[in-house]
Amino acid sequence: AIRLKPQHALAYNNLAWLLSTASSEDIWDGDRAVALAQRAVRLERRANHYGTLAAAYARTGRFPDAVEAQVRAIAKLMADSSPEAVVADFRSRLSLYRAGKAYQEEAKR
């Protein structure tokens, strides 16, 4: 998708999310995830893209950067009057980053 539409922020964001939050360590690539997420944010400054950037920073151990990106994501959600359940999910990840932990999705079977 990135090769076909290099200006498609969602494609960068989705790949970055996978590389930073996958349940398998074999998939993780924090440095690549950061680069992809930064590109997504440059293309579209959306809450989800900042959230992915935060997850990527956390995967690389850059927790202060992860906190800053997640705070930006939450601010965007609040400005957009997003549902409280969505904001709560972003806040729970912020707590992880503040504790020096990366977010990881559960394996789906």
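Residues numbered from 1 in each chain as written. Predicted model: local features only at pLDDT ≥ 70, side-chain atom pairs only at ≥ 80, totals over all residues. Heavy atoms only, no water.

Draft legend 1. Quick look at helix H2 (residues 30–43). Helix length check: H2, at 14 residues, gives a terminal C-alpha distance of 20 Å against a target of 20 Å (1.5 Å per residue), a fit within 8%. All of the buried residues in H2 are Gly30, Ala33, Val34, Leu36, Ala37, Ala40 and Val41. In the core, the buried residues of H2 are packed alongside helix H1 (9–21) and helix H3 (47–59). (Helix = DSSP H or I, 4+ residues; strand = E, 2+ residues; numbered from the N terminus. Expected span 1.5 Å × (residues − 1). Buried < 20%, exposed > 50% of the residue type's maximum accessible area, 1.4 Å probe, protein only. Contact = heavy atoms within 4.5 Å.)

Draft legend 2. Focus on the packing of aromatic side chains. Under the defined criterion, the tally for this structure stands at one aromatic pair. Relative to tyrosine 103, the ring of tryptophan 17 lies with its centre 5.6 Å away and its plane at 40 degrees, an arrangement referred to as tilted. Residue tryptophan 17 is found in helix H1, and its partner tyrosine 103 is found in the segment after helix H5 (84–98); the two are separated by 86 residues along the sequence. Here tyrosine 103 falls in the buried class, since its relative accessible area comes to 19%. The ring centre of tryptophan 28 lies 3.6 Å from the NZ or CZ of arginine 59, which sits over that ring. Positioned above the aromatic ring of phenylalanine 90 is the side chain of arginine 93, whose terminal nitrogen or guanidinium carbon lies 4.5 Å from the ring centre. (Phe/Tyr/Trp six-rings, centres within 6.5 Å; stacked < 30°, edge-to-face > 60°. Lys NZ or Arg CZ within 6 Å of the ring centre and 35° of its normal.)

Draft legend 3. Region of interest: the environment of aspartate 89. Inspection of the secondary structure assignment puts aspartate 89 in helix H5. According to the relative accessible area criterion, aspartate 89 is partly exposed, its value standing at 35%. Taking the C-alpha atoms as reference, aspartate 89 lies 9.7 Å from isoleucine 74; in sequence the two are 15 residues apart.

Draft legend 4. Quick look at the environment of aspartate 31. Structurally, the position occupied by aspartate 31 is in helix H2. In sequence terms aspartate 31 and valine 87 are 56 residues apart; their C-alpha atoms lie 26 Å from each other.

Draft legend 5. Representation of unusual backbone geometry. Of note in this structure, serine 81 is not a glycine but carries a positive phi near 55 degrees. Along the polypeptide, serine 81 turns up in the loop between helix H4 (63–79) and H5. Given the relative accessible area of 64%, serine 81 is considered exposed.

Draft legend 6. Structural detail: the nonpolar core. Among the nonpolar cores identified, the biggest contains 30 residues, and Leu53, Tyr57 and Tyr97 are the most heavily contacted of them. Among the secondary structure elements, those contributing two or more residues to this core are H1, H2, H3, H4 and H5. Residues within four places of tyrosine 97 in sequence aside, it is in contact with Gly51, Ala54, Ala55, Ala58, Phe63, Ala66, Val67, Gln70, Ala102 and Tyr103. (Core = buried A, V, L, I, M, F, W, Y, C linked by side-chain atoms within 4.5 Å.)

Draft legend 7. Region of interest: the side chain of threonine 21. Residue position: threonine 21 is located in helix H1. Classification of threonine 21 as buried rests on a relative accessible area of 1%. Within the structure, the side chain of threonine 21 is placed 2.7 Å from the backbone oxygen of tryptophan 17, a separation counted as a polar contact. Sequence-distant contacts of threonine 21, that is, excluding residues within four places in its chain, are made with Trp28, Ala55, Tyr103, Gln104 and Glu105. (Polar contact = N/O pair within 3.5 Å; in protein donor to acceptor, adjacent residues only side chain to side chain.)

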